[in-house]
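What follows is the residue order along each chain.
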Amino acid sequence: MAETRDGGERRRGRNETEEERADRMWVELIQEVRVAQTGVQILFGFLLTVVFQPKYAHLSHVDQVIYIVTVCLGACATGALIGPVSLHRLVAGRRVKPQAVRMASRLTFVGLVLLLATMTASLLLILRVATHDGYVPYLVTAVVAWYLVCWYGIPLWTRRRHTSR
């Protein structure tokens, strides 16, 4: 317990059992996954339609390879971000919620990394097809840097700066 200015003790953290903590963390994780799932599913659905467009046949070989890699990344991201739901369903009632939360958290992190890769490849493909200009790699790099700052930099900075010892 930390002390207050008047010498009294101030509670820090939560007074919860491991199971209560797992329940709370599960609810928080599922809320986070819902946001990411929606984004990856919309992106993946869009990607699946591209191959059926007349312009697809006229893409260069490199652009077709980028497209195939992007679809595979999107499929993997979708799998990883839906994985926690299946994990929960298959282990529900088995008294392994703390372990399931840890595994679901890892799956979610992998899904976010794959989503980052999918969005990067999608952006690269779209800008290559739309502009054919040499600045595309620089633009994609700038956007990826922005994603990295928003998704990892700020959260890690916040965790480091505000986590109590």
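Residues numbered from 1 in each chain as written. Predicted model: local features only at pLDDT ≥ 70, side-chain atom pairs only at ≥ 80, totals over all residues. Heavy atoms only, no water.

Engineer: Quick question: what am I supposed to make of a nonpolar patch on the surface here?
Structural biologist: Together, Phe109, Val110 and Val113 make up an exposed nonpolar region whose accessible area comes to about 250 Å². Topologically, Val110 is positioned in helix H3 (residues 97-131). Owing to a relative accessible area of 43%, Val110 belongs among the partly exposed residues under this scheme. (Patch = residues over 30% accessible without salt bridge, like charges linked within 9 Å, V, L, I, M, F, W, Y side chains within 5 Å. Areas by Shrake-Rupley, 256 points an atom, 1.4 Å probe, with all protein chains shown as cover. Salt bridge = Lys/Arg side-chain N within 4 Å of Asp/Glu carboxyl O. Helix = DSSP H or I, 4+ residues; strand = E, 2+ residues; numbered from the N terminus. Buried < 20%, exposed > 50% of the residue type's maximum accessible area, 1.4 Å probe, protein only.)

Engineer: It is not clear to me how the packing of H3 against helix H4 (residues 136-162) should be interpreted in this structure. Could you clarify?
Structural biologist: Any two packed helices are characterised by the angle at which their axes cross and by the distance between the axes. Across the interface, H3 lies against H4 with an axial gap of 10 Å and an inter-helix angle of 155°. As far as their axial angle goes, H4 and H3 are roughly antiparallel. When the axes of H3 and H4 are compared, the crossing they make is right-handed. For the pair H3 and H4, the contacting residues are Phe109, Leu112, Val113, Leu115, Leu116, Met119, Thr120, Leu123, Leu124, Leu127, Arg128 and Thr131 in the first and Val136, Leu139, Val140, Val143, Val144, Tyr147, Leu148, Trp151 and Tyr152 in the second. Of the residues belonging to the contact of H3 with H4, the class tally is 18 nonpolar, 2 polar and 1 charged. (Axes fitted to C-alpha atoms, helices over the stretch in contact; angles between N-to-C directions. Parallel < 35°, antiparallel > 145°, perpendicular 65-115°, else oblique. Left-handed = near helix turned anticlockwise from the far one by under 90°. Contact = heavy atoms within 4.5 Å. Nonpolar A, V, L, I, M, F, W, Y, C, P; charged D, E, K, R; others polar.)

Engineer: Sorry, what's going on with the packing of aromatic side chains here?
Structural biologist: Within a pair of aromatic rings, the relevant descriptors are the distance that separates the centres and the angle that separates the planes. If you walk through the whole model with that rule in mind, you get 4 aromatic pairs. On the numbers, 5.2 Å between centres and 65° between planes, the contact of Tyr56 with Tyr67 is edge-to-face. Taken as a pair, Tyr56 in the loop between helix H1 (18-50) and helix H2 (61-91) and Tyr67 in helix H2 lie far apart in primary sequence, 11 residues in all. Relative to Tyr152, the ring of Phe109 lies with its centre 5.8 Å away and its plane at 75°, an arrangement referred to as edge-to-face. Here the residue Phe109 occupies a position in helix H3, and Tyr152 occupies one in helix H4, the gap between them amounting to 43 residues. Of the residues examined, Phe109 reaches a relative accessible area of 46% and is grouped as partly exposed. (Phe/Tyr/Trp six-rings, centres within 6.5 Å; stacked < 30°, edge-to-face > 60°.)

Engineer: Just checking my understanding: could you explain the side chain of Thr78 for this structure?
Structural biologist: Assignment of secondary structure puts Thr78 in helix H2. Given the relative accessible area of 12%, Thr78 is considered buried. Excluding anything up to four places from it in sequence, Thr78 contacts Val40 and Phe44.

That's the geometry; what it means functionally is another story.
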